[in-house]
Amino acid sequence: ELTAALARRGRFLLMIDNYDVLHSLHDWLCEAVFPQLPASTILVVASREPPPDLWRRDPAWRELVCTVTLGNFSPDETRTYLTLRAVPEREHARLIRFSRGHPLALSLAADLYQQRSISSFDPRSAPDVVQALVGRFVGDVGDSRLRTALEASAIARVTTEAVLAAMLDRENVREEFEWLCGLSFIEFSPNGIYPHDLVRDALTLDLLWRAPHRYEALRRRAHDFYAPILLHPDEEIQAEALADYLYLYRHHDALRPFLDRH
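Description of the structure in this document. Here the structure is a predicted model, which is why all the values come from computation and not from measurement.

### Re the overall build of the protein chain
Scanning the protein chain from N- to C-terminus turns up 15 helices and 4 strands. In terms of overall dimensions, the protein chain has a C-alpha envelope of 70 × 50 × 35 Å along the principal axes. Here the protein chain, with 262 residues, has 36% of them falling under the buried criterion. Pairs at least 24 residues apart make up 61% of the contacts formed inside the protein chain by residues separated by at least 6 positions. Put simply, the protein chain shows about 15700 Å² of open surface, and 54% of that area lies on carbon and sulfur atoms.

Next up, the structure:
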């Protein structure tokens, strides 16, 4: 019945958002549902996770699937969006810096101008926006160990197992580190892992608002980890440690202008 109904429509576009929620049903959809669609159908799925393995390894599906990575808005696209939302032009640069062009962050911030008639946006004065972003990116992490590991990764410039062990004050953090590596917003570098900048900012601001003492305890442990490495005889290791050390104080009023430039 599905095939006959769609065939009468000619060309057909089927769009599924949040497809990562359906990953457990993916094999069944590929075997029982999608093959029934007429050849004139285009299927578009949006997901925060990479395409399921079946679409990447199966020769038949691999020939049919085109994967497109959607990035954030460019500065020009961001300005166009903010203009359409009637956000004052003087605020555009501030919101570009805060959002990095992320559509949800822009939408939430633009709502503040319309709902509260604010004159200037400051994420530190908008905990509801920050919490909405944290909820969107992270969801509800009920395990306190994993939540603290995530907060630690937002404070440190890059996170390794050694850095995480120091910040969590535990020797074995393999489980927490591997969990971090599997998150969709975690980036990889030769020196360790780190969250996407907007996710990092949201997590940090949320922690400073909810539990400033925990933020300070995590930063202090990271400080104690990097401080001895500043005396390392290898200049490259020393320089890397200095970057990590200074990054812990990126919100300090005296250091922020210098760190922003570099």
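### Let's talk about the nonpolar core
Counting residues in each nonpolar core, the largest one holds 52 residues, and the members touching the most others are L95, F121, L133, V138, L164, M167 and F185. Sorting the residues of this core by element identifies α6 (92-99), α7 (103-115), α8 (127-138), α9 (144-155), α10 (161-168), α11 (174-181), α12 (197-210) and α13 (212-226) as the ones contributing at least two each. Leave out the neighbours within four places in its chain, and L133 touches F98, L104, A105, L108, L198 and A202. Membership of the second largest hydrophobic core comes to 11 residues, among which are F12, I16, W55 and W61.

### Comments concerning a nonpolar patch on the surface
Side chains of L13, M15, I42 and V44 sit close together on the surface and give an oily, nonpolar patch of about 380 Å² of accessible area. When contributions to the nonpolar patch are tallied by element, the ones reaching two or more residues are β1 (12-16) and β2 (41-45). If you trace the backbone, M15 turns up in strand β1.

### Quick look at the pattern of salt bridges
This model, assessed by the stated rule, comprises 18 salt bridges. Here R147 and D206 are joined by a salt bridge, their closest N and O atoms 3.4 Å apart. Taken together, the residues R147 in helix α9 and D206 in helix α12 connect sequence positions 59 residues apart. You can call D206 buried: its relative accessible area is 3%. With a shortest N-O distance of 3.1 Å, E151 and R210 are connected by a salt bridge. Taken together, the residues span a long stretch of sequence, with E151 in helix α9 and R210 in helix α12 at a distance of 59 residues. A residue is classified by how much of its surface remains accessible, and E151, at 2% relative accessible area, is buried.

Cut-offs and rules
- Numbers given for residues are sequential positions, taken from 1 along each chain in its written order.
- Residue-level local features of this predicted model are given only where pLDDT is at least 70; pairs of side-chain atoms are given and counted only at 80 or more, and the full residue set underlies all totals for whole chains, interfaces and linings.
- As a rule here, side-chain values cover all heavy atoms of the structure and leave hydrogens and water aside.
- Helix and strand definitions follow DSSP, with helices as H or I runs of at least four residues and strands as E runs of at least two, each counted in order from the N terminus.
- Buried, partly exposed and exposed residues are distinguished by accessible area as a fraction of the type maximum, computed with a 1.4 Å probe on protein chains only: under 20%, between the cut-offs, and over 50%, respectively.
- Contacts are residue-level and defined by heavy atoms, with any inter-residue pair within 4.5 Å sufficient.
- Where accessible areas are quoted, they stem from the Shrake-Rupley method and a 1.4 Å probe; at the residue level, only the protein chains shown are allowed to cover.
- Buried residues of nine kinds, namely Ala, Val, Leu, Ile, Met, Phe, Trp, Tyr and Cys, make up a nonpolar core once their side-chain atoms join them within 4.5 Å.
- Within the patch definition used here, like charges are joined within 9 Å and nonpolar side chains (Val, Leu, Ile, Met, Phe, Trp, Tyr) within 5 Å, considering only residues with over 30% relative accessible area and no salt bridge.
- Here, a salt bridge means any side-chain nitrogen of Lys or Arg that lies within 4 Å of a carboxyl oxygen of Asp or Glu.

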